[in-house]
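These are the residues of each chain, in order.
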Amino acid sequence: LEQALEGLQSPHQGSPNNRLRPDILNVSLDLPQRSTNLWETRDLSDIHRIVLHHTVTSTDVSPERIAEVHVSQGKPGIAYHFLVTGDGRIYATQPLTNIVQQITSSDVNASINADSIAVALAGDFRAKRNVEPTEEQRFAAAHLIAWLIENLALGSDITQIVYGRSELGEAVTSPGDQWLNGVRY
């Protein structure tokens, strides 16, 4: 992922937002969600970072299944803005204006939720499994993240924009143990 994102450091021809949009299937209106408990919202200008997660599921889990689980946990809907499956499919699962509860343990984390986009890689990338995202998944995630960074003008210092969830203060392994050991997919 880090290697694919290095292209952001070099200038692009033409207008500032000319990176090709990846193929994204928008399923956000089709997913299970609560009708009374809604996500808070924000302006797109409030977004400053992207937080990478893993789902601790199979790589072919559907966005519908994740949304069902999150709703059963009391959340308003799926707690990711995007899901990238093992075959490289990208699903838009929440509008970027929604503030999803990707990190919930403290008030400090509320500000992280408010200024970040949640991108989940389908799969279980904990060390005991010794598995990393597929090549298709890494490519699709990198394309999505590069497009988001450029389209939302988030900057060019990737280390200040893209984080693994585990880097933001919670004792979790998301997006996988390898991430904290320097394997930035």
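*Asks:* Provide a residue-level description of the layout of surface pockets, including the pertinent values.
*Replies:* The computed volume of the largest pocket comes to approximately 280 Å³. Forming the boundary of the largest pocket are 20 residues, of which His54, Thr55, Ile66, His70 and Tyr80 lie nearest the centre. Only β3 (49–54) and α2 (63–72) provide two or more residues apiece to the lining of the largest pocket. Considering each element in turn, the lining of the largest pocket owes the most residues, four residues, to α2. Each pocket or cavity is described by its volume, and for the second largest pocket that value is around 160 Å³. The wall of the second largest pocket is formed by Asn37, Leu38, Trp39, Glu40, Pro76, Ile99, Val100, Gln101, Ala110, Asn113 and Ala114. Tallying contributions element by element places helix α3 (residues 107–114) first for the lining of the second largest pocket, with three residues. Split by residue class, the lining of the second largest pocket holds seven nonpolar, three polar and one charged.

*Asks:* Any chance you could break down the pairing of strand β7 (residues 116–121) for me, citing the residues and the numbers?
*Replies:* Across the six residues of β7, six count as buried, placing the element largely inside the fold. The alternating pattern of β7 places Ser116, Ala118 and Ala120 and Ile117, Val119 and Leu121 on opposite faces, both of which are buried. Judged from the six bridges that link them, β3 and β7 form a sheet pairing that is parallel. Note that in β7 the partner of leucine 52 across the bridge is valine 119. When strand β4 (residues 82–84) meets β7, the two strands line up parallel, connected through three bridges. What sits directly across from phenylalanine 82, in β7, is valine 119.

*Asks:* Which residues make up the sheet that holds β3, and what values do they have?
*Replies:* A sheet is described by the order of its strands in space; here six strands give the open sequence β1-β5-β4-β7-β3-β8, paired in mixed fashion. Strands with a single pairing partner mark the edges of an open sheet, and in this sheet they are β1 (24–26) and β8 (162–164). Recorded for the sheet is a direction-independent mean angle of 25 degrees between the axes of neighbouring strands. In terms of strand pairing, β1 meets strand β5 (residues 90–92) through three bridges, oriented parallel. Paired with leucine 25 across the strands is tyrosine 91, a residue of β5. Against the sheet, helix α4 (residues 135–151) contacts β1, β3, β4, β5, β7 and β8, and its axis sits at roughly 150 degrees relative to β4.

*Asks:* Talk me through the nonpolar core; I want residue IDs and the actual numbers.
*Replies:* Among the nonpolar cores identified, the biggest contains 25 residues, and Ile50, Phe82, Val84, Ile117, Val119, Leu144 and Leu148 are the most heavily contacted of them. Ranked by residue count, the leading element in this core is α4, at seven residues. Apart from the residues lying within four places of it in its own chain, the contact partners of valine 119 are Ile50, Val51, Leu52, His53, Phe82, Val84, Leu144 and Leu148. Residues Trp39, Val61, Ala79 and Tyr91 belong to the second largest nonpolar core, which totals 15 residues.

*Asks:* I'd like a description of the pattern of salt bridges, backed by residues and values.
*Replies:* Across all of its chains, the model carries five salt bridges by this definition. Notably, a salt bridge pairs glutamate 132 with arginine 138, separated by 3.6 Å at the nearest N-O pair. Residues glutamate 135 and arginine 138 are paired through a salt bridge, measuring 2.6 Å at the closest nitrogen-oxygen approach. On the criterion of helical spacing, the pair formed by glutamate 135 and arginine 138 is a turn pair, its members being three residues apart in helix α4.

*Asks:* Residues and numbers for the environment of tyrosine 91, please.
*Replies:* On the secondary structure map, tyrosine 91 appears in strand β5. On the basis of relative accessibility, which here comes to 12%, the residue tyrosine 91 falls in the buried class. Along the primary structure tyrosine 91 and leucine 25 are separated by 66 residues, whereas in three dimensions their C-alpha atoms are 4.8 Å apart. With near-sequence residues (within four places) excluded, tyrosine 91 lies in contact with Ile24, Leu25, Val27, Pro63, His81, Phe82, Leu83 and Thr85.

Scoring rules and cut-offs
- Residues numbered from 1 in each chain as written.
- Predicted model: local features only at pLDDT ≥ 70, side-chain atom pairs only at ≥ 80, totals over all residues.
- Heavy atoms only, no water.
- 1 Å grid on protein atoms, 1.4 Å probe; cavity = no way out; pocket = protein on both sides within 12 Å on 5 of 7 lines; lining within 4 Å.
- Points joined across faces, edges and corners; volume = space filled by probe spheres on them.
- Helix = DSSP H or I, 4+ residues; strand = E, 2+ residues; numbered from the N terminus.
- Nonpolar A, V, L, I, M, F, W, Y, C, P; charged D, E, K, R; others polar.
- Buried < 20%, exposed > 50% of the residue type's maximum accessible area, 1.4 Å probe, protein only.
- Pairing = 2+ DSSP bridges.
- Axes fitted to C-alpha atoms, helices over the stretch in contact; angles between N-to-C directions.
- Contact = heavy atoms within 4.5 Å.
- Core = buried A, V, L, I, M, F, W, Y, C linked by side-chain atoms within 4.5 Å.
- Salt bridge = Lys/Arg side-chain N within 4 Å of Asp/Glu carboxyl O.

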